[in-house]
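# Structural features, examined
For reference, the chains in residue letters:
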Amino acid sequence: MDVALHRGRCLCGAVRYQVVGRLRDVLFCHCANCRRVHGHVSAYASAKREELVLLEDHALTWYRSESDETPGVHRGFCRVCGSSLFWDPRGQDHVYVSAGTLDPPTGLHGAGHVWTSQAGDYYDICDDLPQADGSSGGRFLVR
Ligand SMILES: [Zn+2]
Ligand SMILES: [Zn+2]
């Protein structure tokens, strides 16, 4: 079955979205900014920009993340419950969606680890997925 519709939400439900299309598999980002925002490594699936539809967004707040390596990044979170939902490199084709906010089953898999040069010193990466010191440049994302 082709998973063509995904839904997701923040913890409290004040931000809800759907993706009307396929999501790309999950990148685990070890950068210092993601670890601060998420409390640990981020896990981002990605959607084509035009396929991400906000169903409820009254509490969605965008933080312009000046210190991200990618210029123009905005991080979207719920100002009521604090859930971190989106990583949006404005001007690019895809928006990144926190995989943990998706309703199961997602049908997704891990694609790889990025920014391992900034990984925390309190854990090890213990799987066989590909790793990149910085951005994967899209090469871990096959579709
Ligand atoms: Zn919320
Ligand atoms: Zn990151």
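Just above, that's the structure.
Summarised in this report is the structure supplied together with it. (Residues numbered from 1 in each chain as written. Chains lettered and ligands numbered in written order. Predicted model: local features only at pLDDT ≥ 70, side-chain atom pairs only at ≥ 80, totals over all residues. Heavy atoms only, no water.)

### What about the overall build of the protein chain?
This is how the line gets drawn: Here a strand is any run of E in DSSP of at least two residues, a helix any run of H or I of at least four, and the numbering for each starts at the N terminus. Here the term buried applies to any residue with accessible area under 20% of the maximum for its type, exposed to any over 50%, and partly exposed to those in between, with areas from a 1.4 Å probe on protein chains only. The contact definition used throughout considers only heavy atoms, calling two residues in contact when any of these lie within 4.5 Å. Accessible surface area values rest on a Shrake-Rupley calculation with a 1.4 Å probe, where residue burial reflects the displayed protein chains alone. Neither His nor the chain termini are counted; the positive set is Lys and Arg, and the negative set is Asp and Glu. Just so you know, the charge point we use is NZ for Lys, CZ for Arg, CG for Asp and CD for Glu.
In terms of helices and strands, the protein chain carries one helix and ten strands. For the protein chain, the sequential pattern of α-helices and β-strands runs β-β-β-α-β-β-β-β-β-β-β. Expressed along its principal axes, the backbone C-alpha trace of the protein chain runs to roughly 35 × 35 × 30 Å. Expressed as a percentage of its 143 residues, the buried residues of the protein chain come to 46%. For the protein chain, long-range pairs separated by at least 24 residues make up 56% of all intrachain contacts whose partners lie at least 6 apart in sequence. Within the structure as shown, the protein chain displays about 7,800 Å² of accessible surface, and the carbon and sulfur contribution to it stands at 49%. Computed over 15 positive and 17 negative side-chain charges, the inter-centroid distance for the protein chain is 5 Å.

### Digging into the nonpolar core
Quick reminder of the rule: What we call a nonpolar core is a set of buried Ala, Val, Leu, Ile, Met, Phe, Trp, Tyr and Cys residues that are connected through their side-chain atoms within 4.5 Å.
Core analysis: the biggest nonpolar cluster contains 20 residues, and Val15, Tyr17, Leu23, Cys78, Leu85 and Phe86 have the highest contact counts within it. Within the residue set of this core, elements represented by two or more residues are β2 (16–20), β4 (42–48), β8 (84–89) and β9 (94–98). Judged by nonpolar contacts, the second largest core, of 13 residues, contains Cys29, Cys31, Cys34 and Ala132.

### Some details on the sheet that holds strand β6 (residues 60–64)
To keep it simple, the criterion reads: We call two strands paired when DSSP finds no fewer than two bridges between them. Comment: axis = line fitted to C-alpha atoms, over the contacting stretch for helices; angle = value between 0 and 180 degrees taken between N-to-C directions.
Across the sheet, which stays open at both edges, the seven strands sit in the order β6-β7-β8-β9-β4-β3-β10 with mixed pairing between neighbours. Every other strand in the sheet has two partners, leaving β6 and β10 (110–114) as the edge strands with one partner each. Between one strand axis and the next, the sheet turns by 30 degrees as a mean value, whatever way the strands run. Taken together, the five bridges between strand β7 (residues 73–78) and β8 define a ladder with antiparallel strand orientation. Looking at the pairing, Gly76 lines up with Phe86 of β8.

### Quick notes on the coordination of the zinc ion (ligand 1)
The condition is simple: Water is absent from the atoms considered, so a metal site may look incomplete; donors are defined as N, O and S atoms within 2.8 Å of the metal, or 3.2 Å for Na, K and Ca. Four donors are marked tetrahedral only if all angles between them lie between 85 and 135 degrees, whereas four are marked square planar and six octahedral if opposite donors are more than 155 degrees apart and the other angles lie between 65 and 115; the remainder are marked irregular.
Protein-derived ligands of the zinc ion (ligand 1) are Cys10 (SG), Cys12 (SG), Cys78 (SG) and Cys81 (SG), with the metal-ligand distances lying across 2.3 to 2.4 Å. Of note is the zinc ion (ligand 1), whose four donor atoms meet at the metal with angles of 107 to 112 degrees in an arrangement that counts as tetrahedral. As a motif over one chain, the donors of the zinc ion (ligand 1) read C-x1-C-x65-C-x2-C. Here Cys10 is found in the loop between β1 (5–9) and β2, whereas its partner Cys81 is found in the loop between β7 and β8, with 71 residues between them in sequence. For Cys10, a relative accessible area of 1% translates into the label buried. Since its relative accessible area comes to 26%, Cys81 is described here as partly exposed.

### Some thoughts on the sheet that holds β2
In a beta sheet, neighbouring strands are held together by backbone hydrogen bonds and run either parallel or antiparallel to one another. Ordered by their spatial adjacency, three strands build an open sheet running β1-β2-β5, and the pairing between neighbours is antiparallel. If you trace the sheet from one side to the other, it starts and ends with β1 and β5 (52–56), each paired once. When strand polarity is set aside, the average angle formed by the axes of neighbouring strands in this sheet is 20 degrees. With five bridges connecting them, β1 and β2 associate as antiparallel partners. By the bridge assignment for β2, Leu5 is matched with Val20.

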